[in-house]
Amino acid sequence: MIQKLLIANRGEIAVRIIRACREMGIKTVAVYSRADADALHTLLADEAICIGPESSRDSYLNMEQILSAAVVMKADAIHPGFGFLSENSRFARMCSQCHIKFVGPDPDVISRMGNKAEARKTMMAAGIPVVPGSREPVREWQEGQREADRIGYPVMVKAALGGGGKGMRIVRDSKDFQSQFQMAQRETEAAFGDDNMYVEKYIENPRHVEFQILADEFGNVIHLGERDCSIQRRHQKLVEEAPCPAISEKQREIMGETAVRAAKAAGYENAGTIEFLLDKDGSFYFIEMNTRIQVEHGITEAVTGIDLIKEQLRIASGLPLAFRQEDVSIRGHAIECRINAENPARNFMPSPGTVTNLHFPGGNGVRIDSAVYNGYTVPPYYDSMILKLIVWASSREDAVRKMRSALGELVIEGIHTNLDFQYDILCSRDYEEGKVDTGFIESHFGQRTEKDARKSPV
Ligand code: ADP
């Protein structure tokens, strides 16, 4: 079993991992930037070591520095959390060269799945349905346009190495192709240092439905059901729920079995996610695999009773999965709201600063994963998500009511947050009835996000 774990991350996910380790008797080492000396993860871990200045590039993304910290602190494993180095195959490879276990899949699997064009090819070869699109990465707009003309408009131009909704454009007409492609490509190059793109059919307002996978090193692969993450702003998830209110038991079985096949085709190990778009007619298409723990893992934990971080650590320690597919059952309904330090009235601009008053809701079925405390100063350098509010109830209706009540009780003063925006989503009639798709925010809050939409890349 892992004895001492270094957490190469910050914020609520680092805190989440530290808590799991404490329960398992694993010692923890936090790494922190100069801006995070007072951060909760720094204070909670058994040991903490400063790895550099404020900017992520020099701290949480500094591979050599993090590995040196692991060696000095005698950690035998590194958990990368999500974001930062979690999907960096070079980092995973460097860990193994230093005889430190990287909590995640093999580096080759990370690079194959991290390139969406490559991942599509792997999935097509395994007979997994993918969104119709180009077979190979595309670098010249003329070639992309030929593909788009063949597929039929509207199409989506995407960055092969994309993530976080960057480098993505919808093209509705052939005459706009060149300019849209080139803009997306420029954005891609700036964000990922690579100009490989691909083109796929744009599915109008689908649902985003993803399956949680667990796989051990002995070839056992199971799924833990799905999450509906259709409520998105700028292709970034805001509210998630499990299970998806729109699929039947039969459909769950088919999609789950497909997700397991996809993970096997990828040669996957540890916790991962297979993302699908679900069209209105029930057809579904693979869009990508995330080779790490997800922000929204807590709702799967709520409906399955399985602790995903502990499972990750058990798998990384070389243990076989403790359960088979037939042991997994989905109970009740869970919803997560991501609370971000941002100002909806000013185009959701990040709103760092000091939290002057904080009150958390509680009660049966309410969970908060957070990195903030009273008097904590949210630094301006990192992701603006500061808190995840997760509720569980025996039915969707009760979960929606519980979330409204919890959001109503949550107090965060001193900084702007999207709390009221989340409350309005939860109170909308269509949300209440489970009528959601990826166009929900645009169609229901278009006015409020209009200024923002004009600036949006899509
Ligand atoms: P990223 O890795 O940048 O998050 P994804 O490929 O996961 O990008 O897509 C993010 C979101 O963008 C999806 O959840 C969906 O809302 C939208 N999207 C992606 N591809 C398509 C498509 N072909 N048609 C319609 N929407 C899409």
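Asker: Would you mind going over the nonpolar core in detail, with residue names and values included?
Answerer: In terms of nonpolar packing, the biggest core is built from 38 residues, with I425 and Y431 touching the most fellow members. Sorting the residues of this core by element identifies β11 (236–242), β14 (333–340), β19 (366–370), β21 (385–393), α12 (396–409), α13 (419–427) and α15 (440–445) as the ones contributing at least two each. Residue contacts for Y431: discarding those within four places in its chain leaves I231, V239, E241, I335, R396, V400, I425, L426, V436 and F440. Counting residues in each nonpolar core, the second largest holds 31 residues, with A20, A30, V295 and F323 among its members.

Asker: Explain helix α4 (residues 89–97) to me, using residue names and the numbers behind them.
Answerer: Of all the residues in α4, the buried ones are S89, F91, A92, M94 and C95. For α4, the secondary structure elements touched by its buried residues are α3 (63–72), β4 (77–79), β5 (101–102) and α5 (107–114). Between the side-chain oxygen at the start of α4 and the backbone nitrogen of R90 there is a gap of 3.0 Å, and the oxygen is on N88. Positive backbone phi, at 60°, marks H99, one or two positions downstream of α4.

Asker: Tell me about the confidence of the model for the protein chain, and name the residues and values.
Answerer: Per-chain confidence: the protein chain averages 95 in pLDDT, with 97% of residues scoring 70 or above. Across residues 450–458 the pLDDT falls below 50, and counting only partners more than four positions away or on other chains, this stretch makes 16 contacts in the model.

Asker: Report on the packing of aromatic side chains, specifying residues and quantitative values.
Answerer: Scanning the model with the defined rule gives 11 aromatic pairs in all. Taken together, a centroid distance of 6.2 Å and an interplanar angle of 80° make the contact between F91 and F102 edge-to-face. Of the two residues, F91 is situated in helix α4 and F102 in strand β5; the sequence distance between them amounts to 11 residues. Across the pair, exposure class does not vary: F91 and F102 are buried alike. Taken together, a centroid distance of 5.1 Å and an interplanar angle of 75° make the contact between F348 and F421 edge-to-face. Linking F348 in the loop between β15 (342–343) and β16 (349–350) with F421 in helix α13, this pair joins segments that are 73 residues apart in sequence. Among the residues examined, F348 registers a relative accessible area of 7% and is labelled buried. Among the aromatic residues, those joined into a cluster by ring pairs are Y60, F84, Y381 and Y382. Of note, R233 hangs over the ring of F348, and the distance from its end group to the ring centre comes to 3.8 Å. Positioned above the aromatic ring of Y431, the side-chain terminus of R396 is 4.8 Å from the ring centre.

Asker: Break down the site of the ligand for me, with residues and values.
Answerer: Residues in close proximity to the ligand total 21 residues, the closest being G165, E200, H208, Q232 and E288. In the model, an oxygen atom of the ligand is placed 2.8 Å from a nitrogen or oxygen of the K116 side chain. Here an oxygen atom of the ligand sits 3.1 Å away from a polar atom, N or O, in the side chain of E275. Calculation on the ligand without its partners gives an accessible area of 560 Å², and the protein chains cover 95% of this total. Secondary structure elements with two or more residues in the shell around the ligand: β6 (155–159), β8 (197–201), β12 (270–278) and β13 (284–290).

Asker: Give a detailed account of unusual backbone geometry, specifying residues and quantitative values.
Answerer: Negative phi is the rule for most residues except glycine; trans is the rule for most peptide bonds. For the bond from Y153 to P154, the omega torsion is -5°, close enough to zero to count as cis. A cis amide bond links A242 with the next residue in sequence, P243, at an omega value of -5°. Located in the positive-phi region is R234, a residue other than glycine, with phi close to 55°. Within the secondary structure layout, R234 lies in the loop between β10 (221–233) and β11. Within the chain, N347 stands out as a residue other than glycine whose phi angle is a positive 55°. Here N347 lies in the loop between β15 and β16. Judged by relative accessible area, N347 falls into the partly exposed class, the value being 25%.

Asker: With reference to specific residues and values, describe the sheet that holds β6.
Answerer: With antiparallel pairing, three strands are arranged side by side in an open sheet as β7-β6-β8. The two strands at the open ends of the sheet, each matched to only one other strand, are β7 (169–171) and β8. The sheet shows a mean angle of 30° between the axes of neighbouring strands, direction not considered. As paired strands, β6 and β7 are joined by three bridges and run antiparallel to one another. Residue pairing for β7: V155 is matched across the bridge by V171.

Asker: Please provide a residue-by-residue account of the sheet that holds β4, values included.
Answerer: Taking strand neighbours across the sheet as the criterion, the five strands line up as β3-β2-β1-β4-β5 in an open arrangement whose pairing is parallel. With partners counted over all chains shown, the strands left at the sheet margins are β3 (47–52) and β5, one partner each. Of the strand pairs in this sheet, strand β1 (residues 4–7) and strand β2 (residues 27–33) are connected by four bridges, and their pairing is parallel. What sits directly across from L6, in β2, is V29. Set on the sheet, helix α1 (residues 11–24) makes contact with β1, β2 and β4; between it and β1 the angle comes to about 175°. Taken strand by strand, α3 contacts β1, β2, β3 and β4, and its axis lies near 155° from that of β3.

Thresholds applied
- Residues numbered from 1 in each chain as written.
- Predicted model: local features only at pLDDT ≥ 70, side-chain atom pairs only at ≥ 80, totals over all residues.
- Heavy atoms only, no water.
- Core = buried A, V, L, I, M, F, W, Y, C linked by side-chain atoms within 4.5 Å.
- Buried < 20%, exposed > 50% of the residue type's maximum accessible area, 1.4 Å probe, protein only.
- Helix = DSSP H or I, 4+ residues; strand = E, 2+ residues; numbered from the N terminus.
- Contact = heavy atoms within 4.5 Å.
- Polar contact = N/O pair within 3.5 Å; in protein donor to acceptor, adjacent residues only side chain to side chain.
- pLDDT = per-residue confidence, 0-100.
- Phe/Tyr/Trp six-rings, centres within 6.5 Å; stacked < 30°, edge-to-face > 60°.
- Lys NZ or Arg CZ within 6 Å of the ring centre and 35° of its normal.
- Near = heavy atom within 4 Å.
- Areas by Shrake-Rupley, 256 points an atom, 1.4 Å probe, with all protein chains shown as cover.
- Pairing = 2+ DSSP bridges.
- Axes fitted to C-alpha atoms, helices over the stretch in contact; angles between N-to-C directions.

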